[in-house]
Structure formats: C-alpha cells, structure tokens
Amino acid sequence: MLNHPDAMSIPADDSALAQLAADLKRWGSALGFQQVGVTDTHLAADEAHLQRWLAAGYHGAMAYMARHGLKRSRPAELVPGTVRIISARMDYRPPVGQDPRQVLADPQLAYISRYALGRDYHKVLRQGLRQLAWRIESAIGPFRWRVFTDSAPVLEKALAQKAGLGWIGKHSNLLDRQAGSWFFLGEIFVDIPLPVDAPGAGHCGRCQACLEACPTRAIVAPYQVDARRCLSYHTIELPGAIPLEFRRPLGNRIYGCDDCQLVCPWNRFARPTAAAEFLPRHGLDTARLIDLFAWSEAEFLKRTEGSAIRRIGHQRWLRNIAVALGNAPPSPGVAAALNSRLAHPSELVREHVQWALTAQNPPNPFTKGGK
Ligand code: B12
Ligand code: SF4
Ligand code: SF4
C-alpha cells in the first residue's frame, strides 16, 4: 500500500512529532498491537550478518532471501522517501488448547506450530497496520507509507530490536522480558521524521537452552540458524523431499517447529493472545495424525481456508504427515493409513509413504537380506 503525500501536512516541529509518536502507540494498542516502536533506517551491522548468512548458503532453497540485493537491509532503497519505520508486535499464543509439550510427547498426535493454529497472521497484521496508517492520516493528512509483515525484503527482527520491542535471542527470534517470543512482527515504512525509541538490550546471558533443545542442531552458533537444518524450513518452505537425516528428528512436527521457543525461560512470562483470530481451528491443537492424513485435497483446501497452512498445499501436507506416521509406534491403523496413500499420484508423497512404511517395519539385521 503506497500513498502519495502532501508534504505540507507532516508536522515539522519536535513537540508535534513527539505527540504524534505517543498517539500512534496508543492507536496501535487500541487496534490490537501489544507494542509499537519507532526506529530509523540504518541497519549496517545486521546487513553484514545477513550477507554472511547468505554467503554460507543458510537460506537453502529460499531463493527469495537472496533477491533484492541490499534493499533488504536498506529500507530507504526499498521504499524511497522512507525515514522511519513503525514496528509493531502482535501476540499469538492461544489462551486455550492442548499443552504443546503433551502433543509433542504423544506420537499419535500432530504437532502444529502455535502460530499456525488459527487465522493467517499475514491478513490480521496487514489489516491492523493499514488501519493504523489510516488513523495517522486522519490526524495529519496524507503522507507516504507502506506496510510489511513477513514480507521477504524486510529485516523485521532487526528493525523491531532497534525500535525497542526486544532483542534477537540466540535462537534468532525476537523476544522481550515481559512478552517472551510468541508474537508476530509487522512494520509501516513512513516518511515522517518521528522521534526514535531506544533499542532493546540483550538478556540471553549465558543461557544456551535453545541451542541444546533444537532437535536438528539447526542453531549452528548463537544467533545463527542454518535454515537447511531447521524443521520449520523442512515442513513449510522446502518444496521437495525432506532429507533422510531429518525425518526421524522431525517426530510428529507436521507444520513448523516451536522447540527453541518452548524451552526459552523468558517465555514463562509470555501472556496469551487477546486476538480471537488466533484461537485453534478445527481442533488442530490436538488432532490425530491418522485423521489429518485422511483429508482429501478438497477437505484440506476447505479446512485450511484463511489459514497459513494452506500455502504448503495438499502434497506437502501429506509428505509431512507421512514422515510423522513413520515415526509413530507401529499399529494396524497407521499401516492402513499409509497403505491407503501408496498409489498417490505424487511421486513426492509416494516416496515419503514408502519411507514411513519401512520406518514402521525396519528390516531385521539378523536375517539374511534383511528380511
Ligand atoms: C526466512 C525466515 C525463516 C527461515 C529462516 C529463519 C531465520 N532465522 O532467518 C525459517 C523457515 C527457518 C523460519 C523459521 C521460523 N520463523 Co521465520 N521468518 C523468516 C523471514 C521471512 C526472514 C528472516 C531473515 O531475515 N533471515 C535472515 C537471517 C540473516 O536473519 P536472522 O537469522 O534473523 O539473523 C539476524 C540475527 O540473528 C543477527 N545475526 C546473524 N548472524 C549473526 C552472527 C553473530 C555473531 C551475531 C552477534 C548476530 C548475528 O543478524 C541477523 C539480521 O538481523 C522473517 C520475516 C522477515 N521478513 O523478517 C520470518 C520471521 C523471522 N519468522 C518468524 C517465525 C514466527 C518463525 C518460526 C518461529 C515459525 C515456526 N514456529 O516454525 C520459526 C523459528 C525458527 C528460528 N529459530 O529462527 C517471525 C518471528 C517473530 C519473532 N518473535 O521473532 C518472523 C519475523 C515473521 C513475522 N513477521 O512475524 N523463518
Ligand atoms: S524451529 Fe525447531 S528446528 Fe528450527 S531452530 Fe528452532 S528448535 Fe531448531
Ligand atoms: S533459550 Fe536462552 S539463549 Fe535461547 S533465546 Fe531464550 S534466553 Fe536466549
């Protein structure tokens, strides 16, 4: 959303700008954001980290991460005229629903990341940010603005850290001492020279809990996630086959992964979301693998309408659940479910189903030919 400005309407004196900054934080909170901050466009240190991350190939098949050159770390080049970023946080952890640890511990159940249980956050945040921009417009008249949320070309966590919303933890998510890390981020790029907030300071200290808990050792060093090892990447972003070495560690995580956040001590203080949109839909917080695997493509499309899960499509959905079923304790029900997909038209699905059937009945090493 790009608006064309009437530069004369933007407040020019410091006290009017300070008042506007205070007002927009109040309006943001009335629109459902738990925190709103303001920062400038300078991201030099993060730009260097991003360049090293890309050079190491940590983005894997996410080719979009390498596009846009330096625009990703230079907001004023991405949206000319931008001088400030309004960064906003919206909490998503549902107040109700099955305890995530219990779901992870039950191999018959499907684990879906807390962020994806309800409505697609892109829609919720974008709408809220637009309303905030319109509210500002109604106070000062037209100005130049553009909203982003989870938009590839923006370094959202770095901007939020600079805007005082928290710090980037060793698991690389943004977290805050009061809010934990169960929140989404979104931004409004603006051409208004608002006063900036003080950046968030780090409080990981000597803790390493997230590095130790990661089932695939994807946090290769503090603050550095190799996406090619991350289960969130494998279950959501990766279009092809899940590499064999990650299929056992995947466990029952069929959409995203929360392990590094579940162990973080600061999440003990996180408050549940107030947004009804993020409440679990279709019992997805406690669904059985077998039931989800039985969804036809039409059912998948119907039941994931308005959800972020929809974008992976039915084939990847089956791919992920097949691996989780392979990791479940052997039972006639699991075998029947897997066999029902053996002749699926997609080679991707068939290969993962075959792997799962073998994982259920590993060849006996003590008999000739493994039979
Ligand atoms: C690509 C991406 C992914 C990839 C890669 C993750 C990653 N760490 O980059 C994958 C698919 C793995 C992923 C997973 C998840 N993601 Co994601 N993802 C993004 C996306 C689109 C870009 C992130 C990015 O720019 N990466 C580039 C690298 C270089 O950045 P970075 O790892 O954050 O590194 C920074 C610092 O750690 C530091 N740094 C890097 N190296 C070094 C080295 C040293 C020595 C030091 C000191 C610092 C340092 O500088 C870097 C730049 O600021 C953002 C949205 C956006 N546009 O920002 C969402 C986003 C980060 N994801 C989000 C979420 C919720 C998740 C998951 C929790 C989802 C889930 N439950 O499965 C997981 C978390 C996994 C994890 N531990 O990171 C949220 C995070 C909200 C928050 N509270 O922070 C975002 C912001 C989306 C949103 N709008 O809300 N994601
Ligand atoms: S999301 Fe899971 S796999 Fe990815 S870094 Fe965190 S714990 Fe590791
Ligand atoms: S688990 Fe520990 S090291 Fe990891 S982000 Fe949380 S406080 Fe930082």
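Thresholds applied
Residues numbered from 1 in each chain as written. Chains lettered and ligands numbered in written order. Predicted model: local features only at pLDDT ≥ 70, side-chain atom pairs only at ≥ 80, totals over all residues. Heavy atoms only, no water. Near = heavy atom within 4 Å. Polar contact = N/O pair within 3.5 Å; in protein donor to acceptor, adjacent residues only side chain to side chain. Helix = DSSP H or I, 4+ residues; strand = E, 2+ residues; numbered from the N terminus. Nonpolar A, V, L, I, M, F, W, Y, C, P; charged D, E, K, R; others polar. 1 Å grid on protein atoms, 1.4 Å probe; cavity = no way out; pocket = protein on both sides within 12 Å on 5 of 7 lines; lining within 4 Å. Points joined across faces, edges and corners; volume = space filled by probe spheres on them. Buried < 20%, exposed > 50% of the residue type's maximum accessible area, 1.4 Å probe, protein only. Pairing = 2+ DSSP bridges.

Draft legend 1. Molecular detail of the site of ligand 1. For ligand 1, the set of nearby residues contains 37 residues, the closest of which are Asp46, Val154, Glu156, Lys157 and Leu174. The backbone of Phe183 places a nitrogen or oxygen atom 3.2 Å from a nitrogen atom of ligand 1. Within the backbone of Leu185, one N or O atom sits 3.0 Å away from a nitrogen atom of ligand 1. Within the residue set of the shell around ligand 1, elements represented by two or more residues are helix 2 (44-55), helix 6 (156-162), strand 7 (183-190), strand 9 (224-225), helix 8 (231-237) and helix 10 (259-262). Considering every element that reaches the shell around ligand 1, the biggest residue donor is helix 2, with 4 residues. Within the shell around ligand 1, the residues separate by chemical class into 19 nonpolar, 12 polar and 6 charged.

Draft legend 2. Quick peek at empty space enclosed by the protein. Applying the stated rule across the entire model yields 1 cavity of 30 Å³ or more. The space that makes up the largest cavity amounts to roughly 100 Å³. Every residue along the wall of the largest cavity is listed here: Gly169, Lys170, His171, Cys204, Cys207, Ala209, Cys210, Cys260, Val263, Cys264, Pro265 and Trp266. For the lining of the largest cavity, the class distribution of residues is 9 nonpolar, 2 polar and 1 charged.

Draft legend 3. Main features of the layout of surface pockets. Quantified by volume, the second largest pocket comes out at close to 290 Å³. If you go around the second largest pocket, you meet 19 residues; those closest to its centre are Arg93, Pro100, Arg101, Trp182 and Leu262. When contributions to the lining of the second largest pocket are tallied by element, the ones reaching two or more residues are helix 4 (100-105) and helix 10. Classifying every residue of the lining of the second largest pocket by side-chain character gives 10 nonpolar, 4 polar and 5 charged.

Draft legend 4. Representation of the pairing of strand 2 (residues 84-91) in the model. A large share of strand 2 lies buried, amounting to 8 of its 8 residues. Neither face of strand 2 is left uncovered, since the one carrying Arg84, Ile86, Ala88 and Met90 and the one carrying Ile85, Ser87, Arg89 and Asp91 both have all their residues buried. Sheet topology note: the strand 1 (residues 35-39)/strand 2 ladder contains 5 bridges and is antiparallel. What sits directly across from Thr39, in strand 2, is Ile85. Of the strand pairs in this sheet, strand 2 and strand 7 are connected by 8 bridges, and their pairing is antiparallel. Bridging from a neighbouring strand, Ile85 pairs with Phe189 of strand 7.

Draft legend 5. Layout of the site of ligand 2. Around ligand 2, the surrounding shell consists of Cys214, Pro215, Thr216, Ala218, Ile219, Cys230, Leu231, Cys257, Asp259 and Cys260. Among the residues making up the shell around ligand 2, the classes are represented as 8 nonpolar, 1 polar and 1 charged.

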